[in-house]
Every structure is written in C-alpha cells, then in structure tokens.
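Chain and residue survey
This is what each chain is made of:
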Amino acid sequence: MLSRRGLMAAAGLWPIAQLRAAGAQTAAPQASTASTLKVGLLPFGTVAWEAAVIKAEGIDAAEGLSLEGVRLAGSDAARIAFQGGQVDTIVSDLLWAARLRAEGRAVKFLPYSSTEGALMVPGTSSLDTVAGLAGKRLGVAGGPLDKNWLLLRARAREKDGLDLEREAKPVFGAPPLLMRKLESGELDAALLYWTFCARLEARGFRRLIGADGIAASFGVEGPIALLGYVFDEALLQREPRTIAGFARASARAKQALAAGEAAWTPVRPLMAAEDEATYATLKRAFLDGIPHRPAAAERKDAERLYAVLARLGGERLVGAAATLPEGLYWDGGPNG
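Residues numbered from 1 in each chain as written. Predicted model: local features only at pLDDT ≥ 70, side-chain atom pairs only at ≥ 80, totals over all residues. Heavy atoms only, no water.

A separate point is helix α9 (residues 194-202). Because each turn of an α-helix spans 3.6 residues, side chains separated by three or four positions in sequence point in the same direction. Within α9 the residues assigned to the buried category are W194, F196, C197, A198, R199 and L200. In this structure, the buried residues of α9 make contact with α2 (47-56), β5 (118-121), α8 (175-184), β8 (189-192), β9 (206-210) and α13 (276-288). Backbone geometry just downstream of α9 places G204 in the positive-phi region, at approximately 95°. (Buried < 20%, exposed > 50% of the residue type's maximum accessible area, 1.4 Å probe, protein only. Helix = DSSP H or I, 4+ residues; strand = E, 2+ residues; numbered from the N terminus. Contact = heavy atoms within 4.5 Å.)

In structure tokens form, the structure reads like this:
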C-alpha cells in the first residue's frame, strides 16, 4: 500500500508500445493487494477524462489499483501539494520538472501530452503571417515568462526580424478572458492553451501558427510532450510495480479513447462542450497529443527547445538548469 500522501495527476503518459513492454515484464498485483492512488482533477483538466475511462472500464482494478479522484483548484495548488509531500505526483510541464531536479529534488518525468496551444485569429482576419502581428493587439495566456510566448518572440525575431514585445501590443491575462476579448474583436490575435484553441476552432477561428510550428522553426523534428507526470524517485523505488501499473492504466485509457466512440461516453459530460463541433475539436486535439515517440528522440528535441527557453527566460524561468538534467525522463517501466 502506498503512503497516505496519495497519488495525484493532472494528465499523463509514454508511448503505449513501451508501456506494454513494461507490463509484459511484471504481472499486475492481485486485487487483494490493490493500492489506492489519489489522482488530482483540475478544473476542465483532461486527466478527469482519462480517470473517468479508467474507472468506467475497470482498468484500475485490472492493474491492481484503486483510483480515487481529488479535485484541486489549479496548477499552483498542485505544485504546492507535490512539493509539500501531500500528494505523490502531479502533471506539470517539463521546465518545472527540470528545475526541481536541477535544484536537488530527485524527480522523474513521464511524458503525457504533446498537444500545445496556438496563436488564434478570427476566421475572417487578414493576418496570415507572424510578421503581420506588428502593431496588432495580441493576447497572451499566462505571463511574460510563458514558454509559448517566449518561443513565439524568438521565432518572430529570428525569422521575421520582429520584436513582438515592442512592435506588437501584447496583453497578458487568463485564457477565458482573452478568448472572450478575441471573440468580441478587442484583440486581433491571442496565444492560448489548446483547449481554448479547440473551442475557438469550432466557432470558425483559425490557427495562425501552432506551438508545433513554432518549435519546428528551431530544428525540432517531431512533437514534444511538454506535459507529464512528475514523480519522486523515492516513490518509484518503493513502489515500482504499482506506479508502472498506473502508467499502464493511463496508457490503456488513452488507447480506449483512440479506439472508438464508446469510451467517450463517460467523458462527454466532463468536457463542457457546447455543441458537436466543439466536442469533435476537443476530442481530436486530445488524441493528437498522445505521445508515441521513442524516449531518445523525445529527449533530443526537448533538449534543443529547452536550450532556447533557457537562453530567453534565464534563471527566472529555468533556475540553475541551463540544460535538461540527466536522468529526468522515466520510461514508465517498473525499474524507473
């Protein structure tokens, strides 16, 4: 049985093929020895979708687990809970995990999703290039150190000779507010997280450039999962089979969602999708983000992108970790 600190997540997984291989090496525990894993559910977070499938299809029981959802207020609360030892894992971004490891906390990162945000414009907008953002009202979700904003700034400067901080009119704010302002015409474009992008696409808005397109301009060869589960190595050493079983359960839920419509039945009420078009775009974006790349390819591209972010954001963004720390990635297997 795991400690009472529980297990929390906000989303997560590694390529399904690798997790199947890990499963072949270790049998799932019997139900009588099942460990209760507490999983954090953020407002509108996709981990709630995955957890719903795991429970509805009995995947947790099949893996010798009992999954218990815990509702949390947001990402900041999740990080505090993890650092304070109140939960065993959260899903956070790669930058935060790397910073923790560089500062001496031995954590592992298990990739969850490569779905990222995009720069959205109205469907009727005349904007068709990043260079056209000069003089435009630009909403940015998060703050000045948001990774997507830093990468967009770097891309604009290196490819178009455009300083977006000075030559555009950036406004920072919460995604729901920026989405409303874009819809009302108060903004010309908005850099938003993927769930908001999907909702806007369903209403006729379009992507000027996605996070994947921005990353490609720096030589990245494939999608990078910048979101993943963060675990303490100590937990993995104490409960390797249990946590590997959880990783397999998450992978099986994703596989079920990718296989057909039936698995989405318990998920649909959680998506807050106003109509069929919104439901379809949210579903497609979620499935597109399931990681499938080998660990070596993932890390190679992540290192390239991380170097750009470290150069732009400096210590305020990445702390002392100028490069990705060694040993950060976990492959989902029982041996960490």
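This is not the end of the story, as more comes after the structure.
Once that is clear, we can look at the layout of surface pockets. In this structure, the largest pocket spans a volume of roughly 1,500 Å³. L42, S75, P175, Y193 and L227 are the residues nearest the centre of the largest pocket, which is lined by 48 residues in total. Broken down by secondary-structure element, the contributors of at least two residues to the lining of the largest pocket are α4 (75-83), β3 (89-93), α5 (94-102), β4 (107-113), α6 (147-160), α8 and α9. In this structure, the second largest pocket occupies an estimated 470 Å³ of space. Mapped by element, the contributors of at least two residues to the lining of the second largest pocket are α6, α9, β9, α10 (211-216) and α13. The class makeup of the residues in the lining of the second largest pocket is 11 nonpolar, 8 polar and 6 charged. (1 Å grid on protein atoms, 1.4 Å probe; cavity = no way out; pocket = protein on both sides within 12 Å on 5 of 7 lines; lining within 4 Å. Points joined across faces, edges and corners; volume = space filled by probe spheres on them. Nonpolar A, V, L, I, M, F, W, Y, C, P; charged D, E, K, R; others polar.)

The next thing to look at is the packing of aromatic side chains. On inspection of all chains with the given rule, the structure shows 12 aromatic pairs. Taking 6.5 Å as the distance between ring centres and 65° as the angle between the ring planes, the aromatic pair formed by Y112 and Y229 counts as edge-to-face. You can see Y112 sitting in strand β4 and its partner Y229 sitting in strand β10 (residues 227-232), a full 117 residues away along the chain. With 5.8 Å between their ring centres and 45° between their planes, Y229 and F231 make a pair best called tilted. Per residue, the accessibility class of Y229 equals that of F231, and both read buried. Members of the aromatic cluster, each reached through a chain of ring pairs, are W49, W194, W264, Y279 and F286. Stacked on the ring of F82, the Lys or Arg R105 has its end atom at 4.6 Å from the ring centre. In this arrangement the basic side chain of R268 is found over the ring face of Y279, its NZ or CZ atom lying 4.2 Å from the centre. (Phe/Tyr/Trp six-rings, centres within 6.5 Å; stacked < 30°, edge-to-face > 60°. Lys NZ or Arg CZ within 6 Å of the ring centre and 35° of its normal.)

Honestly, that's just the spatial picture; any functional story needs more than this.
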